[in-house]
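Residue strings, one per chain:
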Amino acid sequence: MSSSELKNTFYPIYYFLKKYPKRSAITVLALLFSGLAEVVSFAAMIPLLGLAIFQDTEQRELGLLETGISKIFDIIELDMTMGGILTLIVLMMGLKSFLSYYAMKEVGYICTDVEVDFRKRMVNSLLYADWRYYLNNQTGDFSTAISTQVQAACNVFRATGLVLAGLIQVGLFSTMSLTISIPITIGGILLGLTVMLFLRNFVTLARVSAKTLAKHEGTLLSTLIDCLRGIKSNKAMSMQGRLQKYLEQDIERLAVMRKRIILSSAVLKNFQEPVQVVGIAAALYALTSYWKGGVDELLVLILLFYRSGQRLGNLQIYYQQIVSAFAPFWFVSNIISGAEKEREDLNSGLVASLNGSIIFDKVSFAYDSKYVLNQVDLEIKIGDFITIVGPSGGGKTTLTDMLLRFNEPSAGSITIDGTNINNLSKSSLRGLIGYVPQETVLFYDTIRNNVTFGDPQITDTELKEALRRAGAISFVNQFPDGLNFIVGEHGGRLSGGQKQRLGLARALLHTPKLLLLDEPTSALDKTSENDILNTLKGLRGTVTIIAISHQQTFANASDKKYILENGNLSKLEFSKN
Ligand SMILES: Nc1ncnc2c1ncn2[C@@H]1O[C@H](COP(=O)(O)OP(=O)(O)OP(=O)(O)O)[C@@H](O)[C@H]1O
Ligand SMILES: [Mg+2]
């Protein structure tokens, strides 16, 4: 095994143990004692059988185990009678069941706690990643990671618990059977290992398939999400047939991998038994033909053989489950670490203020090698209301992205109140800004939660005021459920203009000092647009407004108008009417 393989294998197990070391240790102890209790109850069967067969223990020589059991009876000051032994067996089996119940429950609970922890870390790392991170990753990967893959990853621990329990038991059984017969025990262990070796390839098959499965699942979910997001235009152009084929390909590929894993576990589950039975039959034949010891010991030996065979078989099944869980474990871990690596530093830097002006000084910006902004000069005084127009792809959204520090200038600088925005903390800078994007994305939730983001601190009075100023209150009031109206998937139960107004309400609720509006009225009729313009006019002087808009009325309402073309910004003179 190479060092990276070693890490791939042992790190996931270590990860769980490290998370809850105390609980893991107690669980292992519970497993150990549960195994011991079972062994004691098996050992007690020898004197029990001895009593049943020979009626009197005094008639024969006591074996090692029997001596041990009679010691236990001495300690608890009980006679080694049939009733006493039976009571011991029942007590030990009861203890075994209780301890193994406790251990399995604990393993399950630890898994669930780790699942919760994984999911919280994932949400946290995803929410705080740099926005460029999302451009290069599939949404489907996130969806599958947080739902099925997290759960599958936790099988590492569940199955490790089971393997450990099995190993402890096989170990104890073997020790016990060694006290009865050394050659038979060694023969039994060799037999078990041969069966495992024989079926090893199926374990590898499961591991490899699990890795591909996670990736395919992510792709399927991404495609499905995108298809549904664009369902209207897809249907409008009768694209269902093509999309169906596209999705079905992903579904089929998924099924191939799933079937490989199923094949592997079915082979392990079902071929182990006949192989074991043949082995055990041969061993039994040898035992009965050449066995020199007592019938009682022989019976217990057979019992031990049978139980060890079962355990060994399960061991391989659980081992297969562990190795199949490595892929999901790494899938989830890589998403978290990938997003954490791209974590935005929100807090370092000076606290932003806006009391003077915003100045773009020869700001240039390029995506890869393509220049989108070219030596842009712009001064915005506090309380100004400016409009930027320009052809599509001209760089308008990019310019507002620079103010939000989503992108940094490749040359030149942007200062606010004389401080370069690169030196301002992103959280305080963005705290000043109300942003209305080109496309408002809504949750499948109520209007209230969509505007307040579920913040219970915001009162309905504050919310209604923001809705009123955004020109949204009249349509909200028309819904029978009012603020509790569910807007549908991506706000599909609202018109484009209504969505825009909710987007504006979100921004206004933020009580911003700077409003960035990216075509806020592109989907509105004249009346609604006028409502919003009146709101903006009312804000003039107290709030600085940068609006991107092609609406002439918008430009007319603003103090200054600029055009951004091929990355060059120039001021447009216009006469106000
Ligand atoms: N993440 C990105 N990576 C590479 N290029 C990008 C990226 N985002 C935008 N661009 C490119 O930058 C240019 C300017 O885009 P931008 O979104 O700023 O234009 P815009 O003026 O807002 O256009 P519109 O009016 O259509 O919204 C476009 O040519 C676009 O293809
Ligand atoms: Mg744009």
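Cut-offs applied
- Residues numbered from 1 in each chain as written.
- Chains lettered and ligands numbered in written order.
- Predicted model: local features only at pLDDT ≥ 70, side-chain atom pairs only at ≥ 80, totals over all residues.
- Domains from an automatic or database assignment.
- Pairing = 2+ DSSP bridges.
- Helix = DSSP H or I, 4+ residues; strand = E, 2+ residues; numbered from the N terminus.
- Near = placed C-beta within 6 Å.
- Nonpolar A, V, L, I, M, F, W, Y, C, P; charged D, E, K, R; others polar.
- pLDDT = per-residue confidence, 0-100.
- Axes fitted to C-alpha atoms, helices over the stretch in contact; angles between N-to-C directions.
- Parallel < 35°, antiparallel > 145°, perpendicular 65-115°, else oblique.
- Contact = placed C-beta atoms within 7 Å.
- Buried ≥ 20, exposed ≤ 12 C-beta atoms within 10 Å, placed from the backbone.
- Core = buried A, V, L, I, M, F, W, Y, C linked by C-beta atoms within 7 Å.
- Expected span 1.5 Å × (residues − 1).
- Bend = angle between axes of the 7 residues up to and from the residue.

(A) Geometry of the domain arrangement of the protein. The domain architecture assigned to the protein consists of domain 1 (181–340) and domain 2 (357–572). The distance between the C-alpha centroids of domain 1 and domain 2 comes to 54 Å.

(B) Quick peek at the pairing of strand E1 (residues 357–367). Pairing between E1 and strand E2 (residues 370–381): eight bridges, direction antiparallel. By the bridge assignment, Tyr-367 is partnered in E2 with Lys-370. Of the strand pairs in this sheet, E1 and strand E4 (residues 411–416) are connected by five bridges, and their pairing is antiparallel. Bridge assignment links Ser-364 to a residue of E4, and that residue is Ala-411.

(C) The sheet that holds E2, seen in detail. With antiparallel pairing, four strands are arranged side by side in an open sheet as E2-E1-E4-E5. The two strands at the open ends of the sheet, each matched to only one other strand, are E2 and strand E5 (419–420). In this sheet, E5 lies alongside E4 in antiparallel orientation, the contact comprising two bridges. Paired with Thr-415 across the bridge in E5 is Asn-420.

(D) Summary view of the site of ligand 1. Lining the immediate environment of ligand 1, one finds Leu-135, Tyr-367, Val-372, Gly-390, Ser-392, Gly-393, Gly-394, Gly-395, Lys-396, Thr-397, Thr-398 and Gln-438. Broken down by element, the residue count for the shell around ligand 1 peaks at three residues, all from helix H14 (residues 396–403). In terms of residue class, the shell around ligand 1 is made up of three nonpolar, eight polar and one charged.

(E) Here's a closer look at the confidence of the model for the protein. For the protein, the mean per-residue pLDDT works out to 85, and 97% of the residues sit at or above 70. The lowest-confidence element of the protein is helix H4 (residues 64–75), averaging 75 in pLDDT; the highest-confidence one is E5, averaging 96.

(F) Structural view of the sheet that holds strand E8 (residues 544–548). Spatial ordering of the open sheet is given by E6-E7-E8-E3-E9-E10, a layout of six strands whose pairing is mixed. Looking at which strands have only one partner, the edges of the open sheet turn out to be strand E6 (433–436) and strand E10 (568–572). The mean angle between the axes of side-by-side strands here comes to 20°, regardless of whether they run parallel or antiparallel. When E6 meets strand E7 (residues 514–518), the two strands line up parallel, connected through four bridges.

(G) Just the packing of helix H1 (residues 3–19) against helix H8 (residues 155–180), in detail. At a minimum axis distance of 9 Å, the contact between H1 and H8 shows a crossing angle of 85°. Taken together, the axis directions place H1 and H8 in an arrangement best described as roughly perpendicular. Every residue of H8 that contacts H1 at Pro-12, Ile-13 and Phe-16 is listed here: Val-156, Phe-157 and Thr-160. Split by residue class, the contact of H1 with H8 holds five nonpolar, one polar and no charged.

(H) Here's a closer look at the environment of Arg-448. By the element assignment, Arg-448 lies in helix H16 (residues 447–452). Overall, the presence of 19 C-beta atoms within 10 Å leaves Arg-448 in the partly exposed class. Residues Arg-448 and Ser-308, 140 residues apart in the sequence, show an inter-C-alpha distance of 62 Å. Non-local contacts of Arg-448, meaning those with residues more than four positions away in its chain, are made with Leu-463, Leu-483 and Asn-484.

(I) Representation of the nonpolar core within the structure. With 68 residues, the main nonpolar core has Ala-43, Ala-44, Ala-153, Val-156, Ala-325 and Val-332 as its most contacted residues. Going through the elements one at a time, helix H2 (21–43), helix H3 (45–54), helix H5 (82–127), helix H7 (139–153), H8, helix H10 (200–229), helix H12 (240–290) and helix H13 (295–341) are the ones with two or more residues in this core. Ranked by size, the runner-up nonpolar core spans 58 residues in total, among them Val-389, Ala-472, Ile-532 and Tyr-562.

(J) A look at H13. For H13, built from 47 residues, the straight-helix expectation of 69 Å at 1.5 Å per residue is met to within 8% by its first-to-last C-alpha distance of 67 Å. Considering bend angle alone, the principal kink of H13 is centred on Ala-325 and spans about 25°; proline Pro-328 follows within four residues of it.

(K) Representation of unusual backbone geometry. One non-glycine residue, Asp-368, lies in positive phi territory at about 50°. Exposure remark for Asp-368: the 5 C-beta atoms within 10 Å place this residue in the exposed category. Of note in the backbone geometry, Thr-511 takes a positive phi value of approximately 35° without being a glycine. Mapped onto the secondary structure, Thr-511 falls in the loop between helix H19 (496–509) and E7. Residue Thr-511 is classed as exposed on the basis of its 12 C-beta neighbours within 10 Å.

(L) Fine view of the environment of Leu-467. Take Leu-467: it is sitting in helix H17 (residues 460–469). Judged by the 26 C-beta atoms lying within 10 Å of it, Leu-467 falls in the buried class. Spatially, the C-alpha atom of Leu-467 lies 8.4 Å from that of Arg-506, the residues being 39 residues apart in sequence. When residues no more than four places from it in sequence are discounted, the contact partners of Leu-467 are Val-451, Ala-472, Ile-473, Val-476 and Ala-505.

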